[in-house]
Amino acid sequence: MPIALFVLGLTVFSLGTTEFMIAGLLPELSGAFGVSLPQAGLLISLFALGVVIGAPLITAATTKVPRKTALIALLVVFVAGEVLAAFAPTFGVLMAARVVTAVAHGSFFGIGAVVAANLVEPGKRARAIAIMFGGLTIATIAGVPLGTFIGQHFGWRATFLAVAVLGVIDLVGVIALVPHQPRAGHLGIRHELAAFRNPKVWLALGTTMLSQAALYTAYTYIAPLLTDVTGFSAGAVPPLLALFGIGTFLGSVFGGRLADRSLMGTLCAGLLLLAVMLGAFSLAAHSKPAMVVTLFLFGIGSFLINPALQTRVMNETEGAPTLASTSNISAFNVGNALGPWLGGLGISAGAGLLSPSWIGAGLAVASLLVALAAVGMDRRGNGTGKEVDHDAGRARELVEGGR
């Protein structure tokens with residue numbers, strides 16, 4: 001695999017760390033600015049909102065800009081946002097810095113995924129995307145705990161500065177090692193928007209949103225489930241979450257390899273595994289050994305689908321994959337925001353701490369049904385009763401101009 005893929009993966013590690021590290025820094029931020037924990041939590045909500053709304057708009061505005069140039073510009077904005085956050089004099093400035101960072105974050109993911117896919121031959125596209133997104137799983141395993149450690153021992157501002165330094169390293173790597181990828185024919189925003197006329201693009205976005213809502217409905221409340229229902233001590237939660245993180249890493253790696261062989265087969269199998277594991281929480285919740293195994297498999301199923309989700313969107317956008325790719329990142333974040341809210345509704349209704357897993361299982365089944373609807377459209381369109389091989393047959397055409 002080209003070294004540029006690993007540069008993109010390192011950058012995603014930095015982006016993922018800054019996205020998730022706020023959760024571990026909420027007490028420090030709350031105390032530093034004299035705000036409540038829920039108010040400090042707005043830093044997470046606003047980040048997601050910045051990705052959902054801002055990233056597609058920025059991507060649309062750069063449709064005629066060479067992709068490498070766009071990535072460099074986004075990393076400059078990202079570093080600036082981290083530095084602004086590190087020296088924020090007020091909570092309002094910190095919130096603004098998070099929104100700026102989020103816009104760069106979401107746009108980089110969307111454009112970077114297209115760049116990653118174009119670095120390899122069509123039969124390895126999902127694997128390339130898995131390498132890039134692997135940086136996100138490593139961020140959950142190592143980056144976020146390290147960021148929390150730095151914040152607790154050296155102050156929360158040091159954490160943002162550390163990520164800014166990583167961003168500068170990423171910027172140098174992109175400049176030096178990522179090849180130039182011009183836009184084919186300088187296609188504009190109308191060409192990118194035309195891709196959304198394809199109903200299968202909307203099915204792909206819906207699959208992403210529902211699957212991520214399924215994941216975060218349960219994952220958001222996993223810590224109290226482990227302690228209050230299964231009976232683990234609070235000290236056991238971090239290593240258990242690390243085990244989940246290891247599962248997500250393995251899921252992403254294997255998901256990329258499997259999706260290059262059968263994209264929709266991998267996606268449907270991963271969604272089925274996700275639904276089964278979410279349902280299994282109710283059976284495993286009262287047994288510590290069973291919960292350990294279920295949590296690990298939950299991690300695998302959660303990220304086994306990610307390379308297929310991103311590749312599917314790009315494969316359905318007929319030569320204009322960049323805006324759709326970024327929109328898929330927005331769909332991820334809509335699901336990330338929707339899931340915790342739905343899980344909270346179940347708990348608030350008195351259904352207990354197991355209710356989020358059942359709600360999540362229902363969302364995973366809904367996501368699987370949407371994916372199966374897309375498979376049905378593939379078969380009807382092909383007229384043979386067999387799944388169309390989007391990955392190999394059309395991939396080079398669909399990412400024209402990436403080389």
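This is a predicted model, so every value here is computed, not measured.

About the criteria used
In this convention, every chain numbers its residues from 1, walking through the sequence in written order. Reporting of local features is limited, given that this is a predicted model, to residues whose pLDDT is at least 70; pairs of side-chain atoms are given and counted only at 80 or more, and all residues count toward the totals for whole chains, interfaces and linings. As a rule here, side-chain values cover all heavy atoms of the structure and leave hydrogens and water aside. Here, a salt bridge means any side-chain nitrogen of Lys or Arg that lies within 4 Å of a carboxyl oxygen of Asp or Glu. Partly exposed describes any residue whose relative accessible area lies between the buried limit of under 20% and the exposed limit of over 50%, with all areas from a 1.4 Å probe on protein chains only and scaled to the type maximum. Between the rings of Phe, Tyr and Trp (Trp by its six-membered ring), a pair exists once the centres lie within 6.5 Å; its type follows the angle of the planes, with under 30 degrees stacked, over 60 edge-to-face, and the other angles tilted. Secondary structure follows DSSP: runs of H or I at least 4 residues long count as helices, runs of E at least 2 residues long count as strands, and numbering of each begins at the N terminus. On a range of 0 to 100, pLDDT expresses the predictor's confidence in each residue. Only heavy atoms enter the contact rule, under which two residues are in contact if any of them lie within 4.5 Å. Orientation is described by lines fitted to C-alpha atoms, with helices fitted over the stretch in contact, and by angles between N-to-C directions that extend from 0 to 180 degrees. To sort the angles, those under 35 degrees are grouped as roughly parallel, those over 145 as roughly antiparallel, those from 65 to 115 as roughly perpendicular, and the leftovers as oblique. Take the far helix as the reference: if the near one is turned anticlockwise from it by less than a right angle, the crossing is left-handed, and if turned clockwise, right-handed. Here the nonpolar group is Ala, Val, Leu, Ile, Met, Phe, Trp, Tyr, Cys and Pro; Asp, Glu, Lys and Arg are the charged ones; every other residue, Gly included, is treated as polar. Asp and Glu are treated as the negative residues and Lys and Arg as the positive ones, with His and the ends of the chain left uncounted. The span expected for a helix works out to 1.5 Å for each residue beyond the first. Identification of polar contacts relies on pairs of N or O atoms within 3.5 Å, with a donor-acceptor requirement for protein atoms, meaning one able to donate a hydrogen and the other able to accept it, and with residues adjacent in sequence counted only if both atoms are side-chain atoms. Here, nonpolar core refers to any group of buried Ala, Val, Leu, Ile, Met, Phe, Trp, Tyr and Cys residues whose side-chain atoms link them within 4.5 Å.

Turning next to the pattern of salt bridges. For side chains bearing opposite charge, pairing can occur when the charged atoms are close. A full pass over the atoms with the stated rule returns four salt bridges. Taking the shortest distance from any N to any O, the salt bridge between Glu121 and Lys124 comes out at 3.4 Å. Assessed through its relative accessible area of 40%, Glu121 is described here as partly exposed. Taking the relative accessible area as the measure of exposure, Lys124 reaches 31% and is therefore partly exposed.

With that out of the way, let us pick up the packing of aromatic side chains. Scanning the model with the defined rule gives eight aromatic pairs in all. Ring plane angle 45° and centroid distance 5.3 Å describe the contact between Phe244 and Phe298, whose orientation is recorded as tilted. Of this pair, Phe244 sits in helix H11 (residues 237–261) while Phe298 sits in helix H13 (residues 288–304); the two residues are 54 residues apart in sequence, bridging distant segments of the chain. In terms of burial, Phe244 and Phe298 fall into one category: buried.

Before going further, it helps to examine the confidence of the model for the protein. Regions with low pLDDT carry predicted coordinates that are not meant to be interpreted in detail. For the protein, the average pLDDT comes to 84, and 91% of its residues sit at 70 or higher. The least confident element of the protein, judged by mean pLDDT, is helix H18 (residues 395–398) at 38; the most confident is helix H7 (residues 156–177) at 95. Scored below 50 in pLDDT, residues 383–403 shows 60 contacts in the model against residues more than four places distant or in partner chains.

Following both chains from N to C, one finds helix H6 (residues 125–154) and H7 inclined at 135°, their axes separated by 6 Å at the closest point. It follows that H6 is oblique to H7 by the angle criterion. Handedness of the H6/H7 crossing: right-handed. Listed contacts from H7 to Gly147, Ile150, Gly151 and Phe154 of H6 are Trp156, Ala158, Thr159 and Ala162. Among the residues making up the contact of H6 with H7, the classes are represented as five nonpolar, three polar and no charged.

Now for the environment of Leu43. Examined against the element boundaries, Leu43 turns out to sit in helix H3 (residues 37–61). The class of Leu43 is buried, set by a relative accessible area of 0%. For the pair Leu43 and Ala96, spaced 53 residues apart in the sequence, the C-alpha separation amounts to 9.2 Å. Apart from the residues within four sequence positions on either side, Leu43 is in contact with Ile22, Leu29, Phe91, Leu94, Met95 and Arg98.

Before going further, it helps to examine the side chain of Glu82. Position of Glu82 relative to the elements: it lies in helix H4 (residues 67–86). Buried Glu82, no salt bridge; nearest opposite-charge side chain is Arg98, N-O distance 4.9 Å. Aside from chain neighbours lying at most four places away, what touches Glu82 is Thr18, Met21, Thr101, Phe160, Val163 and Ala164.

Let's shift gears to helix H12 (residues 263–284). Taking 1.5 Å per residue, 22 residues should reach 32 Å; H12 reaches 30 Å between its end C-alpha atoms and fits that length. Within H12, 16 of the 22 residues are buried, which leaves the element mostly enclosed by the surrounding structure. N-capping of H12 is provided by Ser262, with a side-chain oxygen placed 3.3 Å from the backbone N of Gly265.

End to end, helix H5 (residues 91–118) covers 41 Å across 28 residues, agreeing with the expected 40 Å (1.5 Å per residue, within 8%). Taken across its 28 residues, H5 has 23 buried, putting it largely inside the fold.

Relative to the assigned elements, Leu177 resides in helix H7. Taking the C-alpha atoms as reference points, Leu177 and Phe6, 171 residues apart in sequence, are found 9.9 Å from one another. Excluding residues that lie within four positions of it along the chain, Leu177 makes contacts with Ile3, Ala4 and Val7.

Grouped together as the largest cluster of nonpolar side chains are 97 residues, with contacts concentrated most on Leu8, Leu94, Leu278 and Phe298. Here this core takes 14 residues from H5, the largest share from any one element. With near-sequence residues (within four places) excluded, Phe298 lies in contact with Leu215, Ala218, Tyr219, Phe244, Leu274, Met277, Leu278 and Phe281. Formed by nine residues, the second largest nonpolar core is a distinct cluster that contains Phe196, Val201, Ala204 and Leu323.

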